[in-house]
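# Fold and geometry: a report
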Amino acid sequence: MTKDPPVTALSSSANAPHWLVELTLAVRAVDPHVATRTQALLDGKTKPPGSLGRLERLACRLGTITRTPCPPRRTKAIVVMGADHGVADEGVSAYPPEVTAQMLANFAQGGAAINVLARQANARVVVVDMGARVPVKSPAVLDRRIAAGTRSASHGPAMQVTEALQAIQVGAALVETLCHEGIDLVGLGEMGIGNTTSAAALTAALLGLPPAQVTGRGTGIDDAMWARKVNVIESALQTNREALVDPLHTLAALGGFEIAGLVGVCLGAAAAGVPVVLDGFITTAAALVAVRLCPWAEGYLLASHLSVERGHRALLEALRLEPLFDLELRLGEGTGAALAFPFIDAALAILHDMATFESAGVSGPAQDITEPDTAPLGAPGGSAKVPPTSS
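An account of the accompanying structure is given in this report.

Parameters and conventions
- Along each chain, the written sequence defines residue order, and numbers are assigned to residues from 1.
- With the structure being a predicted model, the display of local features is reserved for residues of pLDDT at least 70 and the display and counting of side-chain atom pairs for 80 or more, all residues being used for whole-chain, interface and lining totals.
- For side-chain calculations, the full set of non-hydrogen atoms in the structure is used, while hydrogens and water are omitted.
- The helix count covers DSSP runs of H or I at least four residues long, the strand count covers runs of E at least two residues long, and both are numbered beginning at the N terminus.
- Within 6.5 Å between ring centres, the rings of Phe, Tyr and Trp (the latter by its six-membered ring) count as paired, and their orientation is classed by plane angle as stacked under 30 degrees, edge-to-face over 60, tilted in between.
- Partly exposed describes any residue whose relative accessible area lies between the buried limit of under 20% and the exposed limit of over 50%, with all areas from a 1.4 Å probe on protein chains only and scaled to the type maximum.
- Fitted lines through C-alpha atoms serve as axes, helices being fitted only where they are in contact, and the angles separating the N-to-C directions of these axes extend from 0 to 180 degrees.
- Left-handed describes a crossing whose near helix is turned anticlockwise from the far helix through less than a right angle; right-handed describes the clockwise counterpart.
- We call two residues in contact whenever any of their non-hydrogen atoms come within 4.5 Å of each other.
- Think of a polar contact as two N or O atoms within 3.5 Å of one another; within protein, one of them needs to be a possible hydrogen donor and the other a possible acceptor, and neighboring residues in sequence only count if both atoms come from side chains.

## A look at the environment of Val214
Mapped onto the secondary structure, Val214 falls in helix α8 (residues 211-214). Between the alpha carbons of Val214 and Thr203 there is a distance of 7.0 Å; along the sequence they are 11 residues apart.

So, in structure tokens, the structure goes:
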């Protein structure tokens with residue numbers, strides 16, 4: 001096999017630091033040919049070809065990422081990054097900013113939904129303070145604070161480019177450490193009052209869509225607050241219009257410390273050949289930035305669910321990802337990723353534990369059956385099958 005040519009949106013940028021260029025250049029294209037070999041293994045199991053449907057496509061997708069037709073079972077962690085957003089002061093959330101630090105402390109104590117679901121999935125939860133206004137004093141929270149929250153994007157850039165780069169570097173370094181500790185499946189989670197506003201602004205800017213089309217109700221805001229939220233995003237886009245020249249500057253102008261940190265996690269995991277399970281709207285916005293910086297990172301992404309947040313569908317379609325389920329979730333925290341982990345466990349268990357026709361002494365089909373759809377789940381070059389939603 002020939003060596004992959006480098007693909008990065010940064011290699012020709014004089015403003016990109018060397019470490020970030022090297023990180024993106026370390027990402028290799030996934031191997032779509034492995035999916036055929038994985039499907040052949042699945043077709044040898046004691047079942048009609050393709051009868052496990054999307055579970056088989058998920059197994060094939062994991063094969064393309066790991067470059068082996070029968071990927072080993074995964075050791076799982078969910079990285080939950082939290083930070084405050086200056087835009088929260090614009091009246092865009094039903095909850096006050098102090099909830100960010102309070103919930104990070106709740107994660108550290110094991111009492112939040114993500115902790116419950118991660119325990120069910122046998123996954124580790126890694127909580128990171130990327131910049132809450134009030135520092136979280138807990139040994140269970142990693143202190144990677146960039147600053148005490150971002151500035152309001154409606155009045156200027158939320159972050160300096162150097163701050164966004166620092167956050168990306170934190171995320172990449174963290175996932176490198178986790179990989180050294182044996183983690184080989186990473187889920188993304190976040191916490192930050194106001195971060196659906198930042199994610200909607202990023203989505204609108206990167207996809208060229210009207211803010212009203214990609215702005216949801218976040219923590220459950222009413223019509224008046226939703227209209228204010230849309231206005232704030234429109235103001236942020238207008239105020240920062242000259243800065244929206246590339247993914248990095250757009251991230252700095254409109255994003256948040258935890259979103260930038262998750263960009264780094266996506267890039268670091270892709271560079272290490274580790275699958276990344278997205279949660280909902282905010283983590284998928286981070287993933288889109290990562291893919292705009294390094295297109296081959298797309299192949300390492302798995303979408304857990306379709307959020308009721310209005311802009312999530314557009315992000316999934318842009319990334320050509322097929323969500324595993326739609327439970328009308330909008331909590332965040334990584335809860336969707338945690339719920340997706342058992343699907344991944346099941347797909348791998350089928351490959352490892354299910355008997356073949358030969359080993360079980362069961363007669364196979366009387367003639368070869370061609371399965372019409374054996375493309376790996378959400379494979380690049382395919383079409384995302386995003387189910388309808390009422391949102």
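Alright, that's what it looks like, and here's the rest.
## So, the packing of aromatic side chains
A full pass over the atoms with the stated rule returns one aromatic pair. Taking 5.7 Å as the distance between ring centres and 20° as the angle between the ring planes, the aromatic pair formed by Phe325 and Phe343 counts as stacked. Of this pair, Phe325 sits in the loop between α13 (312-319) and α14 (335-353) while Phe343 sits in helix α14, placing them 18 residues apart in sequence. Given the relative accessible area of 36%, Phe343 is considered partly exposed.

## A word on the packing of helix α7 (residues 195-207) against helix α12 (residues 281-293)
The interhelical angle for the contact between α7 and α12, taken along N-to-C directions, is 35°, at an axis separation of 9 Å. For α7 against α12, the interelement crossing comes out left-handed. Residue-level inspection shows Asn195, Thr196, Ala199, Ala200, Thr203, Leu206 and Leu207 of α7 in contact with α12, the latter providing Phe281, Ile282, Ala285, Leu288, Val289 and Arg292.

## Concerning the side chain of Thr284
Assignment of secondary structure puts Thr284 in helix α12. Those residues in contact with Thr284, other than ones at most four positions away along the chain, are Leu278, Asp279, His312, Leu315, Leu316 and Leu319.

## What about helix α10 (residues 247-254)?
For an α-helix the count is 3.6 residues per turn, leaving residues at separations of three or four pointing the same way. In terms of burial, α10 is largely enclosed, as seven of its eight residues are buried. Contacts from the buried residues of α10 go to α6 (161-180), α7, α9 (223-239), α11 (257-271) and α12. Here α10 starts with a cap whose side-chain oxygen sits 3.2 Å from the backbone nitrogen of Leu248, and that cap is Asp246.

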